Every structure is written in C-alpha cells, then in structure tokens.
Amino acid sequence: MTVTIYHNPRCSKSRETLQLLKDRGIEPEIVEYLKTPPSAQELEDILQKLGMEPRDLMRKKEAVYEESGLGNPSLDRKSLIDSMVKHPILIERPIVLANGKAAVGRPPEAVLPILE
C-alpha cells in the first residue's frame with residue numbers, strides 16, 4: 001500500500017499524523033506541500049477523494065485568505081484551487097492519501113479508516 005502525506009513539519013497535527021502512520025509500520029511518501037505545492041489537477045483529485053469543495057479545504061484564518069478576497073462567494077472553483085496552488089499555506093493539513101482515498105488528519109485518527 002502506498003501512503004502519501006501532505007505534511008507541514010511545523011504543524012503539530014501534521015507531525016502527530018505522521019507519527020501515527022509510522023507507529024503502524026507505514027513509511028509514507030512525505031510531500032512538504034509548502035515547498036512542493038500540489039498542482040491544480042492534484043488538488044482537484046484530492047478534493048474529489050475527500051468529497052469537499054475547495055473552500056472546505058482552505059485555512060480561512062490565514063492572512064492571505066482575507067488579503068486575496070477568497071471569502072467572495074462569486075469566486076469559482078478554478079479560482080479557489082488556483083489560489084491554493086499559488087499560496088499553499090491556504091491548504092488544510094495534513095492530508096493523507098491511501099487506497100484511492102483521502103482524509104484530513106484533524107484529528108490524526110481521522111486518517112485510520114482510509115488505511116484499511
């Protein structure tokens with residue numbers, strides 16, 4: 001089984017989720033998404049697997065959310081995804097991909113169902 005974690009080492013929930021995976025004998029592919037942001041297509045795929053809309057995966061308390069006017073309800077899906085690619089700090093973390101599924105590790109145990 002291939003497991004990927006979109007990880008921010010400065011985030012406690014991300015570190016806890018990574019440790020949870022390792023404690024289960026899983027050595028995931030680690031993508032430090034702030035250094036290597038997902039493409040628009042990768043984000044679209046992740047959103048599909050999560051069953052979420054772009055705004056649901058955005059960190060609305062980040063300054064760039066307000067500064068970029070991303071709360072504007074008239075913005076379309078493509079604009080929101082493009083903003084997350086341009087400003088990956090907006091992407092909620094951590095995201096774990098496994099078995100063709102995805103989960104946000106908030107709390108870290110939320111990723112366990114996709115590992116089965």
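Predicted model, so just to flag it, every value in this text is computed and none were measured.

**Structural notes on the packing of helix α2 (residues 40-50) against helix α4 (residues 77-86)**
Inference 1: Across the interface, α2 lies against α4 with an axial gap of 9 Å and an inter-helix angle of 115°. Here α4 runs roughly perpendicular to α2, going by the angle between their axes. Judged by the sense of rotation from one axis to the other, the crossing of α2 with α4 is right-handed. Contacts from Ala40, Leu43, Glu44, Leu47 and Gln48 of α2 reach α4 at Arg77, Ile81, Asp82, Met84 and Val85.
Inference 2: Along the lines of polarity and charge, the residues of the contact of α2 with α4 split into 6 nonpolar, 1 polar and 3 charged.

**What to know about the environment of Val64**
Inference 1: Counting through the fold element by element, Val64 comes out in helix α3 (residues 63-67).
Inference 2: In this structure, the C-alpha to C-alpha distance between Val64 and Leu90, residues 26 residues apart in sequence, is 7.6 Å.
Inference 3: Aside from chain neighbours lying at most four places away, what touches Val64 is Leu70, His87, Ile89 and Leu90.

**Comments concerning the side chain of Ser14**
Inference 1: Along the chain, Ser14 turns up in helix α1 (residues 12-23).
Inference 2: For Ser14, a relative accessible area of 0% puts it in the buried group.
Inference 3: Beyond its immediate stretch of four places on either side in the chain, Ser14 contacts Ile5, Tyr6, His7, Asn8 and Pro94.

**Some points on unusual backbone geometry**
Inference 1: Residue Arg93 is joined to Pro94 through a cis peptide bond whose omega torsion reads -15°.
Inference 2: By secondary structure assignment, the location of Pro94 is in the loop between α4 and β3 (95-98).
Inference 3: Between Arg106 and the following residue, Pro107, the backbone shows a cis peptide bond with an omega angle of 0°.
Inference 4: Tracing the chain through its elements places Pro107 in the segment after β4 (101-104).
Inference 5: Phi is positive for Asn99, which is not a glycine, with a value near 55°.
Inference 6: Checked against the element boundaries, Asn99 lands in the loop between β3 and β4.

**What to know about the environment of Arg15**
Inference 1: The topology assignment puts Arg15 in helix α1.
Inference 2: On a C-alpha basis, the gap between Arg15 and Leu115 in space is 18 Å, while along the polypeptide they are 100 residues apart.
Inference 3: With near-sequence residues (within four places) excluded, Arg15 lies in contact with His7, Pro9 and Arg10.

**Some details on the nonpolar core**
Inference 1: Counting 21 residues, the largest nonpolar core has Leu57, Met84 and Ile95 as its most contacted members.
Inference 2: Those elements that provide at least two residues to this core are α2, α3, α4, β3 and β4.
Inference 3: Core analysis: the second largest hydrophobic core is formed by 12 residues, Leu18, Ile26, Val96 and Ile114 among them.

Conventions we followed
Residues numbered from 1 in each chain as written. Predicted model: local features only at pLDDT ≥ 70, side-chain atom pairs only at ≥ 80, totals over all residues. Heavy atoms only, no water. Axes fitted to C-alpha atoms, helices over the stretch in contact; angles between N-to-C directions. Helix = DSSP H or I, 4+ residues; strand = E, 2+ residues; numbered from the N terminus. Parallel < 35°, antiparallel > 145°, perpendicular 65-115°, else oblique. Left-handed = near helix turned anticlockwise from the far one by under 90°. Contact = heavy atoms within 4.5 Å. Nonpolar A, V, L, I, M, F, W, Y, C, P; charged D, E, K, R; others polar. Buried < 20%, exposed > 50% of the residue type's maximum accessible area, 1.4 Å probe, protein only. Core = buried A, V, L, I, M, F, W, Y, C linked by side-chain atoms within 4.5 Å.

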